[in-house]
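Tertiary structure, described
The lines below spell out each chain.
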Amino acid sequence: MTTPQPRATVAEIPPYVAGKPPTVRPGMTSYKLSSNENPYPPLPGVVEAVQAGVAAMNRYPDMGSAALYAALAETFDVPADDLSVATGSVGLIYQLVQAFCDPGDEVVFAWRSFEAYPIAVTAAAATAVKVPVLPDGRHDLEAMAAAITDRTKVVLVCTPNNPTGPAVTQAELDAFLAQVPSHVLVVVDEAYVEFVRMADPVDGIATYRRHENVVLTRTFSKAYGLAGFRVGYAVAPAPIAAALRAVSLPFGVSTVAQAAAIASLERRDELFERVEALVVERTRVVEGLRAAGWDVPEAQGNFVWFDLGDRTADFAAAADAAGITVRPFAGEGARVSIGEPEANDRLIQVAAAFR
Ligand SMILES: *Cc1c(COP(=O)(O)O)cnc(C)c1O
């Protein structure tokens, strides 16, 4: 008997390995540092804003997300036509590949980078072209430009790069964009943009204004602390944003997600105080690790990378025994999110002892 068969590429989709929840240990607080979440609870007023949406759960959300588009347009001083909201920036990456790639078209990205990339690319039956990051965890933009072929439709630039940490500079991005043919879409994944503190940082908005082929993807999941609600947005030239909206899941962004995102945009000052506190903690962690002899790559997101090779599983186990859950990448290394100060202290202790 023949049964329905998904297309062959479905079997090739790599699984998404979600960050594990912490192991519960009696008498010890455990911390989840495995998914780059924001350790802070929602800002005052955000839960209240969501409550009105909860009471209206029998109704579909505003399909046009009109209030959220208006809030984003005002906050970032861009036309609403240049925006596309979605169920997290993972949703946007799926939509980008779906809208721009035919089966077999190539999508170039750094590796290791965000694990959702090969999933989204393979799900669309496009071909992933992975360009190894440099030994210090940076994108090899020269090699990425050289990897562009006649089949390339999209290049993904993850800055800061998850999981290794470094961000590209504006000069590096400009030099790269100058080499990319104008029909190739360059997606700048700025999931951690709010955490960047460096010389010559990328100004994503200014960059998209100067190029017809540049898309920024951003999220409310990390700095804004709304990972559980699934909302992200793209900033792109109007024809590209329109294509993204055309392939989007109708009613994808829920009423509560829209309300939480708007309320968070209204509280950006308070929010950025929290981001700043996380950046201060990040600096403390990186300095503590370097003082203990670790060679930590530049950390521009809310996480640090440990290049561990085949000691990765042992490191994850040692962290787990100390009540912190990290994200191991078997045989490569571990990514550890910046969390509560107590959690960060424990990380420094575990890492110092492990070395
Ligand atoms: C977390 C993350 C995202 C976004 O996730 P969503 O929750 O889907 O918005 C996108 N890109 C990178 C590199 C990330 O680390």
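Position numbers for residues count from 1 along each chain, tracking the sequence in the order it is written. For this predicted model, a pLDDT threshold of at least 70 governs which residues receive local features, and a threshold of 80 or more governs which side-chain atom pairs are given and counted, while totals over whole chains, interfaces and linings are taken from all residues. Working from all heavy atoms in the structure, the side-chain values ignore hydrogens and water.

**A short note on the domain arrangement of the chain**
Filter applied, for reference: An automatic or database domain assignment supplies the start and end points of every domain. Any two residues whose heavy atoms approach within 4.5 Å are treated as being in contact. As used here, buried area is the combined drop in accessible area, with a 1.4 Å probe, of two parts when they are placed together. Any carboxyl oxygen of Asp or Glu within 4 Å of a side-chain nitrogen of Lys or Arg constitutes a salt bridge here. Pairs of N or O atoms within 3.5 Å make up the polar contacts considered here, provided that, within protein, one atom can donate a hydrogen while the other can accept it, and that residues adjacent in sequence are counted only when both atoms are side-chain atoms.
The domains assigned to the chain are domain 1 (29–42 + 269–354) and domain 2 (46–265). In this complex, domain 1 contributes 24 residues to the contact, which on the side of domain 2 involves 25 residues. Carbon and sulfur atoms make up 57% of the surface buried where domain 1 meets domain 2, a total of about 2,100 Å² over both sides. At the junction of domain 1 with domain 2, the criterion picks out four salt bridges. Note that Arg-138 is salt-bridged to Glu-298, the shortest N-O span being 2.6 Å. Across the contact surface, domain 1 and domain 2 share eleven residue pairs in polar contact (both at pLDDT 80 or more).

**Points about the packing of aromatic side chains**
Operational definition: The pairing test for Phe, Tyr and Trp rings, Trp by its six-membered ring, is centres within 6.5 Å, and the orientation test on the planes gives stacked under 30 degrees, edge-to-face over 60, and tilted for anything in between. Counted as over-ring charges are cases with an Arg CZ or a Lys NZ within 6 Å of the ring centre that also lie within 35 degrees of the ring normal.
Following the criterion strictly, the structure yields 15 aromatic pairs and no others. Every member of this aromatic cluster is reached through a ring pair, and the members are Tyr-16, Phe-109, Trp-111, Phe-114 and Tyr-117. Positioned above the aromatic ring of Phe-76, the side-chain terminus of Arg-218 is 5.3 Å from the ring centre. Lying over the aromatic face of Phe-329, Arg-327 brings its terminal NZ or CZ to 4.0 Å of the ring centre.

**Remarks on the site of the ligand**
Test applied: The criterion for a residue being near a molecule or strand is simple. One of its heavy atoms has to lie within 4 Å of it. What sets the accessible areas is the Shrake-Rupley method with a 1.4 Å probe; for residues, cover comes only from the shown protein chains. Numbering of helices and strands runs from the N terminus, with a helix taken as a DSSP run of H or I at least four residues long and a strand as a DSSP run of E at least two residues long.
Of all residues adjacent to the ligand, which total 13 residues, the nearest are Ser-89, Tyr-192, Thr-219, Ser-221 and Lys-222. Here an oxygen atom of the ligand sits 2.6 Å away from a polar atom, N or O, in the side chain of Tyr-192. In this structure, an oxygen atom belonging to the ligand sits 2.5 Å away from a side-chain N or O atom of Thr-219. The protein chains hide 94% of the 390 Å² of surface that the ligand would expose on its own. Top element by residues in the shell around the ligand is helix α3 (residues 88–100). It accounts for three residues.

**Overview of unusual backbone geometry**
Cis geometry is adopted by the peptide bond preceding Pro-160, which originates at Thr-159 and carries an omega value of -5°. When you line up the elements, Pro-160 lands in the loop between β5 (152–158) and α6 (170–179). In this chain, Asn-162 is followed by Pro-163 through a cis amide linkage whose omega measures 15°. If you check the backbone angles, Asp-77 has positive phi at about 55° while not being a glycine. Within the element layout of this structure, Asp-77 appears in the loop between α2 (66–76) and β2 (83–86).

**Some details on the side chain of Asn-344**
Secondary-structure assignment places Asn-344 in helix α12 (residues 341–354). Every residue in contact with Asn-344, bar those within four places of it in the chain, is listed here: Glu-281, Arg-284, Val-285, Ser-337, Ile-338 and Gly-339.

**As for the environment of Lys-32**
Quick reminder of the rule: Only protein chains enter the accessibility calculation, which uses a 1.4 Å probe; a residue whose area is less than 20% of its type maximum is buried, one above 50% is exposed, and one in between is partly exposed.
Tracing the backbone through its elements, the reader meets Lys-32 in strand β1 (residues 31–32). Relative accessible area serves as the criterion here: at 29%, Lys-32 is assigned to the partly exposed category. The spacing of Lys-32 and Leu-177 is 145 residues in sequence and 37 Å in space, taken between C-alpha atoms. Looking at Lys-32, its side chain comes within polar contact range of the side chain of Glu-37, at 2.9 Å.

**Here's the deal with a nonpolar patch on the surface**
Rules: A residue counts toward a patch only above 30% relative accessible area and without a salt bridge, and it is joined to like-charged neighbours within 9 Å or, for Val, Leu, Ile, Met, Phe, Trp and Tyr, to nonpolar neighbours within 5 Å.
Together, Tyr-60, Met-63 and Phe-251 make up a nonpolar patch on the protein surface, roughly 370 Å² of accessible area in all. Tracing the sequence through the fold places Met-63 in the loop between α1 (46–55) and α2.

**Brief notes about the side chain of Glu-190**
Mapping Glu-190 onto the fold places it in the loop between β6 (185–189) and α7 (204–210). The residues touching Glu-190, leaving out its near neighbours within four places in the chain, are Thr-159, Val-202, Gly-204, Leu-216, Thr-217 and Arg-218.

**Considering the sheet that holds strand β8 (residues 232–235)**
Using the following cut-off: Here the rule is simple: two strands pair whenever DSSP picks up at least two bridges between them. Geometry is summarised by axes, namely lines fitted to C-alpha atoms with helices restricted to the contacting stretch, and by angles between N-to-C directions that run from 0 to 180 degrees.
On the basis of which strands lie adjacent, the open sheet formed by seven strands has the order β2-β8-β7-β6-β5-β3-β4 and mixed pairing. Only two strands of the sheet have a single partner each, and these edge strands are β2 and β4 (127–132). Taking each pair of neighbouring strands and ignoring which way they run, the sheet shows an average axis angle of 20°. As judged from the four bridges shared by strand β7 (residues 214–219) and β8, these two strands associate in the antiparallel manner. When the sheet's bridge partners are listed, Arg-218 is paired in β8 with Tyr-233. The strands touched by α3 within the sheet are β2, β5, β6, β7 and β8, with β7 carrying the most contacts at an inclination of about 155°. Against the sheet, α6 engages β5, β6 and β7, with an angle of about 160° to β6.

**A word on the sheet that holds strand β12 (residues 333–337)**
Spatially, three strands are ordered β9-β12-β11 in an open sheet, and the strand pairing comes out antiparallel. Taken across any chain shown, the strands that pair with only one partner, and hence form the sheet edges, are β9 (303–307) and β11 (327–329). This sheet shows a mean twist of 20° between the axes of neighbouring strands, independent of strand direction. Where β9 meets β12, five bridges bridge the pair, whose relative direction is antiparallel. Within β12, the residue paired with Trp-305 across the bridge is Arg-335. Docked against the sheet, helix α11 (residues 312–321) engages β9, β11 and β12, running at close to 30° with respect to β12.

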